[in-house]
Amino acid sequence: AQSVTQLGSHVSVSEGALVLLRCNYSSSVPPYLFWYVQYPNQGLQLLLKYTTGATLVKGINGFEAEFKKSETSFHLTKPSAHMSDAAEYFCAVRGYSGGYQKVTFGTGTKLQVIP
Amino acid sequence: GAGVSQSPSNKVTEKGKDVELRCDPISGHTALYWYRQRLGQGLEFLIYFQGNSAPDKSGLPSDRFSAERTGESVSTLTIQRTQQEDSAVYLCASSPSGQGGFETQYFGPGTRLLVL
């Protein structure tokens, strides 16, 4: 079984400040990890993902995440927040159910950017 | 367009009525997923299709919920005798094959269902 915990349902940062959205996971198989973003009134879109290889993953819009196996974490960061980053962010981990891939999503973190 | 589309975008219904929600995946995508997103909550997995078969229905909350898929094309999620707790945004996603566990899922804009 697999699960995802996102710490903080709401995070507020000032424009230009560091963005840090936390995600911890559990997985019985080597994890594949994802961050998706949902802008207001839009569907989810992939921000970045980790499968194998380099543990620091770069995504769109200046976001990156680092896979830390020892900490079972995959936190999302961006050095300088922009107003357009205001959205809901979902961490997800792949697992298997009945032999087929299944992605489990966290409960989401709403990011507010204060001008 | 080339993305996942869903219809209707909004649906208001009375308690006890049946509703059908439609999803058109990206052409050629074998795998299709349905999720439910209740207000203030995360994505809740409902069902997964591989082609027109559903190997994983574990997320369907009750026997009032059912889904079908025609080949590797359109899918319909049906909710019978709707209840107020069914109010949510229903999201559909597709991916090329559903295998490997590393595929990106491409999401539609969702159907916002309100049961009065």
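Residues numbered from 1 in each chain as written. Chains lettered and ligands numbered in written order. Predicted model: local features only at pLDDT ≥ 70, side-chain atom pairs only at ≥ 80, totals over all residues. Heavy atoms only, no water.

Describing the overall build of chain B
Item 1. Along chain B, the regular secondary structure elements total zero helices and 11 strands.
Item 2. Along the chain direction, N to C, the helices and strands of chain B fall in the order β-β-β-β-β-β-β-β-β-β-β.
Item 3. Computed over its C-alpha atoms, the radius of gyration of chain B comes to 13 Å, within 12% of the 13 Å expected for a compact globule of 116 residues.
Item 4. Projecting the C-alpha coordinates of chain B onto the three principal axes gives extents of approximately 40 × 30 × 25 Å. (Helix = DSSP H or I, 4+ residues; strand = E, 2+ residues; numbered from the N terminus. Rg over C-alpha atoms; globule rule 2.2 N^0.38 Å.)

A look at the interface of chain A and chain B
Item 1. At the interface, 22 residues of chain A touch 26 residues of chain B.
Item 2. Taking both sides of the interface into account, the surface hidden between chain A and chain B amounts to around 1,800 Å²; carbon and sulfur atoms contribute 52%.
Item 3. The tally of links from chain A across to chain B stands at zero salt bridges.
Item 4. Counting the contacts that link chain A with chain B gives three residue pairs in polar contact (both at pLDDT 80 or more).
Item 5. Of all elements in the fold, only β4 (33-38), β5 (44-50), β9 (87-97) and β10 (100-105) of chain A reach the threshold of two or more residues within the side of chain A that touches chain B.
Item 6. By residue class, the composition of the side of chain A that touches chain B is 10 nonpolar, eight polar and four charged. (Contact = heavy atoms within 4.5 Å. Buried area = accessible area lost by both parts, 1.4 Å probe. Salt bridge = Lys/Arg side-chain N within 4 Å of Asp/Glu carboxyl O. Polar contact = N/O pair within 3.5 Å; in protein donor to acceptor, adjacent residues only side chain to side chain. Nonpolar A, V, L, I, M, F, W, Y, C, P; charged D, E, K, R; others polar.)

Some remarks on a nonpolar patch on the surface
Residues and elements named next belong to chain B.
Item 1. On the surface, V12, L114 and L116 cluster together into a nonpolar patch covering about 290 Å² of accessible area.
Item 2. You can see V12 is positioned in strand β2 (residues 10-13).
Item 3. Taking relative accessible area as the criterion, V12 reaches 54% and is therefore assigned exposed. (Patch = residues over 30% accessible without salt bridge, like charges linked within 9 Å, V, L, I, M, F, W, Y side chains within 5 Å. Areas by Shrake-Rupley, 256 points an atom, 1.4 Å probe, with all protein chains shown as cover. Buried < 20%, exposed > 50% of the residue type's maximum accessible area, 1.4 Å probe, protein only.)

Description of the packing of aromatic side chains
The geometry of two aromatic rings is summed up by the distance between their centres and the angle between their planes.
Item 1. For the coordinates displayed, the defined rule picks out 12 aromatic pairs over all chains.
Item 2. Clustering of aromatic rings is evident, with ring pairs tying together A:F34, A:Y36, A:F105, B:Y33, B:Y35, B:F45, B:Y48 and B:F107.
Item 3. Its end group placed over the ring of A:Y32, A:R94 keeps NZ or CZ at 4.0 Å from the ring centre. (Phe/Tyr/Trp six-rings, centres within 6.5 Å; stacked < 30°, edge-to-face > 60°. Lys NZ or Arg CZ within 6 Å of the ring centre and 35° of its normal.)

So, the pairing of strand β1 (residues 2-7) of chain A
Residues and elements named next belong to chain A.
Item 1. With burial as the criterion, only one face of β1 is covered, namely that bearing Q2, V4 and Q6; the residues S3, T5 and L7 on the opposite face remain uncovered.
Item 2. Taken together, the six bridges between β1 and strand β3 (residues 19-27) define a ladder with antiparallel strand orientation. Note that in β3 the partner of Q6 across the bridge is C23. (Pairing = 2+ DSSP bridges.)

Considering the nonpolar core
Item 1. Among the nonpolar cores identified, the biggest contains 27 residues, and A:W35, A:L48, A:L76 and A:Y89 are the most heavily contacted of them.
Item 2. Dropping the residues within four chain positions of it, A:L48 is found in contact with A:L33, A:F34, A:W35, A:V57, A:K58, A:G59, A:F63, A:E64, A:A65, A:F74 and A:L76.
Item 3. One finds B:C23, B:A67, B:Y90 and B:V115 within the second-largest nonpolar core, a separate group that totals 20 residues. (Core = buried A, V, L, I, M, F, W, Y, C linked by side-chain atoms within 4.5 Å.)

So, the environment of B:L39
Residue and element names in this part refer to chain B.
Item 1. Along the chain, L39 turns up in the loop between β4 (31-37) and β5 (43-50).
Item 2. What makes L39 exposed here is its relative accessible area of 84%.
Item 3. Sequence spacing of L39 and A88 is 49 residues, and the spatial spacing of their C-alpha atoms is 6.5 Å.

Some words on the pairing of β5(A)
Item 1. Sheet topology note: the β4(A)/β5(A) ladder contains six bridges and is antiparallel. Looking across to β5(A), one finds that A:F34 is bridged to A:K49.

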